[in-house]
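Notes for the structure review
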Amino acid sequence: MEEEEPCIPHGGFFTFVLDPVPKYIRIGDKECEFHENFRLLLHTKLANPHYKPELQAQTTLLNFTVTEDGLEAQLLAEVVSIERPDLEKFKLLLTKHQNDCKIELKSLEEDLLLRLSAAQGSFLGDTQLVERLETTKATAAEIEHKVIEAKENEKKINEARECYRPAFSVLFHRAMEQADRVGDTQGRVSVLMESITHAIFLHTSRALFEKDKLTFLSQMAFQILLRKEEIDPGELDFLLRFTVEHTYLSPVDFLTTQSWSAIKAVALMEEFRGIDRDVEGSAKQWRKWVESECPEKEKLPQEWKKKSLIQKLIILRAMRPDRMTYALRNFVEEKLGAKYVERTRLDLVKALEESSPATPVFFILSPGVDALKDLEVLGSRLGFTMDSGKFHNVSLGQGQEAVAEMALETASQAGHWVILQNVHLVARWLGTLEKLLERFSQGSHRDYRVFMSAETAPTPSEHIIPQGLLENSIKITNEPPTGMLANLHAALYNFDQDTLEVCSKEQEFKSILFALCYFHACVAGRLRFGPQGWSRRYPFNPGDLTICADVLYNYLEANPNVPWEDLRYLFGEIMYGGHITDDWDRRLCRVYLEEFMNPSLIEDELLLAPGFAAPPNLSDYCGYHQYVEETLPPESPTLYGLHPNAEIEFLTVTSNTLFRTLLETQPRKALVSQELEPSTEDKVKNILDDILEKLPEEFNMAEIMQKTSNRSPYVLVCFQECERMNLLLREIHVSLQQLDLGLKGELTPTPAVEAQQSALSYDMVPDTWSKLAYPSTYGLAQWFNDLLLRCRELDTWTQDLALPAVVWLSGLFNPQSFLTAIMQTTARKNAWPLDKMCLTVDVTKKNKEDYGHPPREGAYLHGLFMEGARWDTQSGTIAEARLKELTSAMPVIFAKAIPMDRQETKHTYECPVYKTKTRGPHYIWTFRLRSKEKTAKWVLAGVALLLEA
């Protein structure tokens, strides 16, 4: 290896000479093979005091651990070299001079040490050595003087350079070139900062999905404002964490228990003292604000209107968390400007201008979007078409790698375009592709361009696209439109006038085809409502719709009458149903088709949604688009059969996810001032001590088991619950003790301990606890309080092992085992076969406190909540949910076992019971509940019972 050997200390930066390219580099004390693509990570040349200036022109900086300060230093050098080249030239000369002085001084020291070590006897008689000492002393003094002088000059240069620090390499250069010219330095710096900030925002946003753009925008705004000291770090920390430890019943009817509990947590902060009393005392004013359509745009009541923007966000998050995404957009608009929140359309022309033979364009695919179509339109405009031979389209898959390699080679020489579709399907070839792209870009035709497309990985661990490939590409996301209007138009765009006229049964075909398009828009649109829309996520796509249209045509042509049942089966069980893996989701799909595809679609006026009837028999294809534009009601969950609360729930979950992501991506030093706030370690230590202090003792199983010889199903459930609770309590206790030792420095932290510390600091339940616990969506504080309640309930049950008067079903690890125990107990008592029995439930009009003893048969249950509707106690049936009441508590439910043939099925709704709102795998049972409405209404509304609100 060369003398100027590339080397990096752990966690730092290194610079190495690229010409000639070294074969190996050293990282710490390890020698690693150098990969040429490292050069592509960051093309930034900068002055490096560790290397001679003549070498620096050939160097490229590679970041293995990018720190904020290091990146800032690199980019500052870039800015100054453009804005003040005289300063940067002087700094280079000064750096060279300082290096020369250090080298000379080091040489003198080494020579002197060598002579001293070789001297024999008294060195005072060695005249040459003494003279050398004198020379060294004089030279050292001179160098010292020069160093002092150089430091003074460097200080002045750095002061001049510091003016440009806020403005920070192709992207930065372009932003600086486009910035307006301003005479004075400070004005120019402001212009540069704004131009570069906006350029980075646009560049980054283009590669983000819609759901992630607000996260990035909010993070950027918060960091800028923290730097400017325009927001208080402590208040931002509270806004992001929003730890609500205790549950308080709301004294006002316009706030839920959750919202009031949040207000009580907010009231503990100095700036918000008394807000709980004000809300209760001025309920009329606060109700008006809380129930307004856009509270984020309204003034807060009383003196609270004078609060800062960040303080208003805190109050809004407590009372109307569903409006936080809108509030954050308003916050950014006010602080950074309107251009940061404007919706931007995909500009493929601009992306093409920024690309080059060495910089491909990478399309991140979304279901329902065809990246190739947009590219072909642009290509035909610029003369790059398949007909002309200048556009190579390679759809990757087994055996297509060789075709792709030939296309790349040809295109690089002749200046063609190449699109490599679905690169995620050739995982093993991606490393080769990365090298090919680099090789063919060198000395290629200037018109040569490469485009790639790939689907996103379901999880980070399944991500297979090489980092270098992504870093060197211009990444573009292009998502399908959202909302019923956009989805319905998009569904209709899959067909044309010829499609409408193709079938001999024209009226039937057109009516069913439109209903099919509306059905497709519903199943695609419901995905955004999360688990209440679909229990699991499915990749519905336009291909499902077009295949169903072909099936429809074939079946209408082959049958004298419309085969409704056959069509519903084919569409719901095979075409769309082929994606569906959950039984309850399959029922939903089936009910949609039963509602939309029946004889009344043709014979009568069929309402596809409230206020939206199936269109009459229109002859013109464009007439259907016009009908949709003129007739479709405004966007609402009701268009999908859901209750308006589904939108509130969806927005609340989106808001909570957004803030959780923002909290986890905050730089550690950004949120708290070290002088005013305790460190993260101190906070974790306080949480740890609090949990250990309150953590109950494990249940003494030997002692409990001795209390009775009766091993009834109920007693066995109690034993099992205690054993599972013991495992959880033991894990919490042991892991916290290990963490405590780690914080004290008495134990080397393991990855598991570090993960636990991180979880506690973010108010999250550590994974090692969750694996042994019950499913829950609570934060740590609320989860731990819930754990204490569960322990207390179990403690009461173990006193005499008698069945509690009312069983807290939600407080059990395994509620299925208890419901099964009800059946087992009844089966034994009546000598009935267990496989011929079922549970029947009767919802009472009473609460838990109204019962003093259990029923003679079966059990009383409490702790359940209804989502998507509510229980009307007076009529004893399911009813429409109240607006903004996302879940409603159920009265005590009496559950007992009966033979299946005695089960009442008329006027009932089969209601699934889930452990949490996430539904899916957390299904436990089905309760038949009385209903005056037809079942389809509750199925489409996603009505379910939950054990956790």
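Residues numbered from 1 in each chain as written. Predicted model: local features only at pLDDT ≥ 70, side-chain atom pairs only at ≥ 80, totals over all residues. Heavy atoms only, no water.

1. As for the overall build of the protein chain
Counting its regular elements, the protein chain contains 36 helices and 23 strands. The proportion of buried residues among the 949 residues of the protein chain is 48%. For the protein chain, the computed accessible surface area is about 48100 Å², with 51% contributed by carbon and sulfur atoms. (Helix = DSSP H or I, 4+ residues; strand = E, 2+ residues; numbered from the N terminus. Buried < 20%, exposed > 50% of the residue type's maximum accessible area, 1.4 Å probe, protein only. Areas by Shrake-Rupley, 256 points an atom, 1.4 Å probe, with all protein chains shown as cover.)

2. Side note on the packing of aromatic side chains
Under the defined criterion, the tally for this structure stands at 33 aromatic pairs. Consider the rings of Phe529 and Phe650, whose centres lie 6.1 Å apart with planes at 65 degrees: the pair is edge-to-face. Placement of the pair is Phe529 in the loop between helix 21 (506-525) and helix 22 (542-558) and Phe650 in helix 27 (residues 645-664), with a sequence separation of 121 residues. Residue Phe650 is classed as partly exposed on the basis of its relative accessible area of 21%. Considering the side-chain rings of Tyr774 and Phe813, the 5.3 Å spacing of their centres and the 70 degrees angle between planes classify their relative orientation as edge-to-face. In this pair, Tyr774 sits in the loop between helix 33 (767-770) and helix 34 (780-800) while Phe813 sits in the loop between strand 13 (807-808) and helix 35 (815-830), placing the two residues 39 residues apart along the sequence. Taken individually, Tyr774 and Phe813 each receive the classification buried, so the pair is uniform in this respect. (Phe/Tyr/Trp six-rings, centres within 6.5 Å; stacked < 30°, edge-to-face > 60°.)

3. Describing unusual backbone geometry
Of note in the backbone geometry, Phe242 takes a positive phi value of approximately 45 degrees without being a glycine. Within the fold, Phe242 resides in the loop between helix 8 (233-241) and helix 9 (257-266). We note that Asn422 has phi near 60 degrees; this positive angle belongs to a residue other than glycine. Take Asn422: it is sitting in the loop between strand 8 (417-421) and helix 17 (430-441).

4. What to know about the sheet that holds strand 20 (residues 893-899)
The four strands are arranged 13-15-20-14 in an open sheet whose pairing can be described as mixed. With partners counted over all chains shown, the strands left at the sheet margins are strand 13 and strand 14 (837-843), one partner each. The sheet strands contacting helix 35 are strand 13, strand 14, strand 15 (859-862) and strand 20, and the helix crosses strand 14 at an angle near 110 degrees. (Pairing = 2+ DSSP bridges. Contact = heavy atoms within 4.5 Å. Axes fitted to C-alpha atoms, helices over the stretch in contact; angles between N-to-C directions.)

5. Notes on empty space enclosed by the protein
If you roll a probe as big as a water molecule over the atoms, it shows you where there is empty space left. Approximately 140 Å³ is the volume found for the largest cavity. Around the largest cavity, the lining comprises 18 residues; the ones closest to its centre are Trp584, Asp585, Arg919, Val939 and Gly942. Breaking the lining of the largest cavity down by element, the ones donating at least two residues are helix 24 (583-596), strand 21 (908-914) and helix 36 (935-940). Among the elements that line the lining of the largest cavity, the one with the most residues is helix 24, at four residues. For the lining of the largest cavity, the class distribution of residues is 10 nonpolar, four polar and four charged. In this structure, the second largest cavity occupies an estimated 60 Å³ of space. Leu492, Phe495, Leu500, Lys510, Leu513, Phe514, Cys517, Tyr621 and Tyr624 together form the lining of the second largest cavity. Residue assignment for the lining of the second largest cavity shows that the elements contributing at least two residues are helix 21 and helix 26 (621-631). Class assignment for the residues of the lining of the second largest cavity results in eight nonpolar, no polar and one charged. (1 Å grid on protein atoms, 1.4 Å probe; cavity = no way out; pocket = protein on both sides within 12 Å on 5 of 7 lines; lining within 4 Å. Points joined across faces, edges and corners; volume = space filled by probe spheres on them. Nonpolar A, V, L, I, M, F, W, Y, C, P; charged D, E, K, R; others polar.)

6. Some words on helix 11 (residues 283-290)
By the burial criterion, the buried members of helix 11 are Trp286, Trp289 and Val290. All buried residues of helix 11 project into a common sector of 95 degrees when viewed along the axis, lining one side. Facing away from the buried side of helix 11 by more than 90 degrees, the exposed set consists of Lys284 and Lys288. Elements that come into contact with the buried residues of helix 11 comprise helix 10 (275-281) and helix 12 (309-319). (Arc of directions from axis to C-beta.)

7. With respect to the layout of surface pockets
Its boundaries defined by the atoms lining it, the second largest pocket holds a volume of some 940 Å³. What lines the second largest pocket is a set of 32 residues, among which Phe238, Arg241, Thr243, Glu245 and Ile687 lie closest to the centre. For the lining of the second largest pocket, the elements supplying multiple residues, two or more each, are helix 8, helix 9, helix 29 (680-694), helix 32 (751-761) and helix 34. Here the lining of the second largest pocket is built from residues that sort into 15 nonpolar, eight polar and nine charged.

8. Describing the environment of Val191
Relative to the helices and strands, Val191 resides in helix 6 (residues 185-205). Measuring from C-alpha to C-alpha, the distance between Val191 and Asp180 comes to 6.7 Å, with 11 residues separating the pair along the chain. The contact partners of Val191, leaving out residues within four places of it in the chain, are Ala179, Asp180 and Val182.

9. Overview of the confidence of the model for the protein chain
Model confidence for the protein chain is summarised by a mean pLDDT of 84, while 85% of its residues fall at 70 or above. Here residues 1-66 scores under 50 on pLDDT; set against residues more than four positions off or in separate chains, the count is 129 contacts. (pLDDT = per-residue confidence, 0-100.)

10. Considerations on the nonpolar core
If you look at the biggest cluster of nonpolar residues, it comprises 135 residues, and the most contacted ones within it are Tyr518, Trp783, Leu787 and Phe818. In this structure Phe818 touches Tyr714, Val717, Trp797, Leu803, Val807, Leu809, Leu812, Ala859 and Leu861, once residues within four positions along its chain are discounted. Counting residues in each nonpolar core, the second largest holds 51 residues, with Phe242, Trp289, Met324 and Leu328 among its members. (Core = buried A, V, L, I, M, F, W, Y, C linked by side-chain atoms within 4.5 Å.)

11. Considering the environment of Ser453
Locating Ser453 in the fold gives a position in strand 9 (residues 449-455). Put simply, Ser453 and Asn422 are 31 residues apart on the chain and 5.2 Å apart in space, counted from C-alpha to C-alpha. Excluding anything up to four places from it in sequence, Ser453 contacts Phe363, Leu365, Leu420, Gln421, Asn422 and Val423.

12. What about the packing of helix 13 (residues 324-336) against helix 27?
Packing of helix 13 against helix 27 brings their axes to within 8 Å, and their N-to-C directions diverge by 55 degrees. The pairing of helix 13 with helix 27 is recorded here as oblique in orientation. When helix 13 is examined against helix 27, the residues Met324, Thr325, Tyr326 and Leu328 are found in contact with a partner set consisting of Leu651, Thr654, Ser655, Leu658 and Phe659. Taken together, the residues of the contact of helix 13 with helix 27 sort by class into six nonpolar, three polar and no charged. (Parallel < 35°, antiparallel > 145°, perpendicular 65-115°, else oblique.)

13. Regarding the packing of helix 31 (residues 713-744) against helix 32
Where helix 31 meets helix 32, the closest approach of the two axes is 10 Å, and the angle between their N-to-C directions is 95 degrees. In this view, helix 31 runs roughly perpendicular relative to helix 32, as classed from their interaxial angle. Packed against helix 31, whose contacting residues are Ser735, Leu736, Gln738, Leu739 and Leu743, the element helix 32 presents Val753, Gln756, Gln757 and Leu760 at the interface. When the residues that make up the contact of helix 31 with helix 32 are grouped by side-chain class, the tally is five nonpolar, four polar and no charged.

14. Regarding the sheet that holds strand 6 (residues 361-365)
The strand order 7-8-9-6-10 describes an open sheet built from five strands, whose pairing is parallel. Each having just a single partner strand, strand 7 (391-395) and strand 10 (474-477) make up the two edges of the open sheet. For this sheet, the mean inter-axis angle between neighbouring strands, taken without regard to orientation, is 20 degrees. Taken together, the four bridges between strand 6 and strand 10 define a ladder with parallel strand orientation. Bridge pairing in strand 10 links Ile364 to Thr477. Across the sheet, helix 15 (residues 371-382) touches strand 6, strand 7, strand 8 and strand 9, and the angle it forms with strand 8 is around 175 degrees.

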